[in-house]
Amino acid sequence: MKTVLLVSKFNWDAPAEIPYVFAKAGYAVDVFCPADSWLSNNSFFKNHITCSIDNHEFLTELAALVRRNKYDWILLTEDPLIDLVKREIKEEDLLEQLLPVKNNEARDILSSKIGFSSYFQSIGIDTPAYVGFQPGVNDFNELDSLQFPVLNKYDLSWGGSDMAISNDLKELQNTIKNLPKNAKLLIQEFIQGDDIRVDALFYNGRLLNYFCAEVLSHTKDQFSYTTRRAYYAYPELSPMLTLIGEKIVAHGFANISIIRDKRTSIYYLIEIDLRPNSWMAYSNILSRHDFTYCIQNLHNLASFEFIKSSLKKNKAIEIALFYKDIRRAIWAKDLKGILRWIVGWKGYWRFLPFYDFKLTKKIMYEIWVEVGVFKL
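Description of the packing of aromatic side chains
Taken as a whole, this structure holds 20 aromatic pairs when the rule is applied. Ring geometry for F253 versus F291: centroids 5.6 Å apart, planes at 80 degrees, classification edge-to-face. In this pair, F253 is assigned in strand β12 (residues 252–261) and F291 in helix α8 (residues 291–296), connecting sequence segments 38 residues apart. The pair formed by F253 and F291 is uniform in burial state, with each residue classed as buried. An aromatic cluster is present here, built from F22, Y27, W73, Y203, F211, F253 and F291 joined pairwise through their rings. One cation-aromatic arrangement involves K362 over W38; the distance from NZ or CZ to the ring centre is 5.1 Å.

The structure is reproduced here in structure tokens:
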């Protein structure tokens, strides 16, 4: 039986249903994570190896586990975890096994937004024009090459945190004035267009399949987590995604943000997070050639042609994440949003994880603690 090791340290909820995806594909699933974490609150893993919270001890334990067991696949499931492994582990053989980018020259895209933009521009992938900027070190005259509006991001960040759009230089100066003096920033031209979210799966640089969506709801602002999406077919993105996978030698799941410029129709690569997200467990709703199918058929890659999605360009399939969306609706006092879940609007009950009592219990408990206890 094939084996996979799923690793979590920071207790993100995003990978909670990934053990189910691999178990359906016939894999024996081990999880390496803290006690009572999201990743261990499911019924589809074989072994739960409890890890230390201390960074050094965690990495020592992870290295020993990986060397002791020859896993067929190892997935780091959180952005800060990927950054920690990249920064602190020095053994090249371990990095090769653990990191989701197998091309050494592309590793900077994992923990640096400046490194991300620099690398993809160097290989001819369209990304917005940018300038690396540090208050007190760089001068605002260095931004003359950029056209407003611009978007500022911390060079190392995740989850859409601490981003802001500035429509002119004065607005940007006021924004930066309120940031820490040593902040390392990416100042990037803000592309106005169609926002496309991509869930993809790669294997040693090869694109196996992908699903694209437009966003229907965010938890807060446009940079925050999404809770409802409408999935469409975007066959025109196949060449770009295939090239990205080959160049960085992507290995594992990827969350990709692309914007289609309204004026030029150019597709700009905005971001890639090379780890699972909460949407990937629902690819079976979108196609019979879902991510589980791809994982099941890795043994036959020689005859494994790229699988085209069964989605239609002009017909959307709407998917919502119960745990994230019901919390959003309650906090926002969105009665219509709450009603969607009560009546099962557009088949919303399909997205409740009733296939796994353990995970359902965890979700209900967290909602009660956050909304019931804290709010009331």
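Notes on the layout of surface pockets
One number sums up the size of the largest pocket: a volume of about 1,100 Å³. Taken together, 50 residues make up the lining of the largest pocket; nearest its centre are R197, F223, S224, Y225 and T226. Looking at side-chain class alone, the lining of the largest pocket contains 20 nonpolar, 13 polar and 17 charged residues. Lining of the second largest pocket is provided by 13 residues; of these, E189, F190, I191, D261 and R263 occupy positions nearest its centre. Class assignment for the residues of the lining of the second largest pocket results in 7 nonpolar, 3 polar and 3 charged.

Looking at the side chain of S117
Take S117: it is sitting in helix α5 (residues 113–122). Non-local contacts of S117, meaning those with residues more than four positions away in its chain, are made with T127, Y130, L186 and Q188.

Remarks on the pattern of salt bridges
Under the defined criterion, the tally for this structure stands at 20 salt bridges. Note that R328 is salt-bridged to D334, the shortest N-O span being 3.0 Å. The class of R328 is buried, set by a relative accessible area of 10%. K362 is the salt-bridge partner of E366, the closest N and O atoms lying 2.8 Å from each other. Of the two residues, E366 and K362 both sit in helix α11 (residues 357–375), 4 residues apart, roughly one turn of that helix. Each of D79, D273 and R275 takes part in a single network of salt bridges with overlapping partners.

Digging into the environment of E92
With respect to the element layout, E92 can be found in helix α4 (residues 92–98). E92 sits in the partly exposed class, given a relative accessible area of 40%. Taking the C-alpha atoms as reference points, E92 and P239, 147 residues apart in sequence, are found 31 Å from one another. What E92 contacts, discounting residues up to four positions off in sequence, is N104 and R107.

Describing the packing of helix α2 (residues 55–68) against helix α3 (residues 79–88)
Two packed helices can be described by the angle between their axes and the distance between those axes. Look at α2 against α3: their axes get within 11 Å of each other, and the N-to-C directions meet at 85 degrees. By the criterion of interaxial angle, the relationship of α2 to α3 is roughly perpendicular. Residues N55, F58 and L59 of α2 form the contact with α3, whose participating residues are L81, L84, V85 and E88. Of the residues contributing to the contact of α2 with α3, the split by class is 5 nonpolar, 1 polar and 1 charged.

With respect to the sheet that holds strand β2 (residues 28–33)
In a beta sheet, neighbouring strands pair by backbone hydrogen bonds and run either parallel or antiparallel. Sheet architecture is open: 4 strands sit in the order β3-β2-β1-β4, paired in parallel fashion. Looking at the sheet topology across the chains shown, the edges are occupied by β3 (47–50) and β4 (73–76). Between one strand axis and the next, the sheet turns through 15 degrees on average, direction left out of account. On the sheet, α2 packs against β1 (3–7), β2, β3 and β4 and is oriented at approximately 175 degrees with respect to β1.

Brief notes about a nonpolar patch on the surface
Together, L339, I342, V343 and W345 make up a nonpolar patch on the protein surface, roughly 390 Å² of accessible area in all. Within the fold, L339 resides in helix α10 (residues 335–343). L339 sits in the partly exposed class, given a relative accessible area of 46%.

Notes on helix α9 (residues 322–331)
Along α9, 8 of the 10 residues are buried, which leaves the element largely enclosed by surrounding structure. Positive backbone phi, at 55 degrees, marks K333, one or two positions downstream of α9.

Digging into empty space enclosed by the protein
With the rule as written, the count across this model stands at 3 cavities of 30 Å³ or more. Volume-wise, the largest cavity comes out at about 250 Å³. Around the largest cavity, the lining is made up of 20 residues, and of these I109, L110, K113, I272 and D273 lie nearest the centre. At the level of secondary structure, the elements contributing two or more residues to the lining of the largest cavity comprise α3, α5 and β13 (267–273). When residues of the lining of the largest cavity are assigned to their parent elements, the largest contribution, 4 residues, is made by β13. Taken together, the residues of the lining of the largest cavity sort by class into 10 nonpolar, 4 polar and 6 charged.

What counts and how
- Residues numbered from 1 in each chain as written.
- Predicted model: local features only at pLDDT ≥ 70, side-chain atom pairs only at ≥ 80, totals over all residues.
- Heavy atoms only, no water.
- Phe/Tyr/Trp six-rings, centres within 6.5 Å; stacked < 30°, edge-to-face > 60°.
- Helix = DSSP H or I, 4+ residues; strand = E, 2+ residues; numbered from the N terminus.
- Buried < 20%, exposed > 50% of the residue type's maximum accessible area, 1.4 Å probe, protein only.
- Lys NZ or Arg CZ within 6 Å of the ring centre and 35° of its normal.
- 1 Å grid on protein atoms, 1.4 Å probe; cavity = no way out; pocket = protein on both sides within 12 Å on 5 of 7 lines; lining within 4 Å.
- Points joined across faces, edges and corners; volume = space filled by probe spheres on them.
- Nonpolar A, V, L, I, M, F, W, Y, C, P; charged D, E, K, R; others polar.
- Contact = heavy atoms within 4.5 Å.
- Salt bridge = Lys/Arg side-chain N within 4 Å of Asp/Glu carboxyl O.
- Axes fitted to C-alpha atoms, helices over the stretch in contact; angles between N-to-C directions.
- Parallel < 35°, antiparallel > 145°, perpendicular 65-115°, else oblique.
- Pairing = 2+ DSSP bridges.
- Patch = residues over 30% accessible without salt bridge, like charges linked within 9 Å, V, L, I, M, F, W, Y side chains within 5 Å.
- Areas by Shrake-Rupley, 256 points an atom, 1.4 Å probe, with all protein chains shown as cover.

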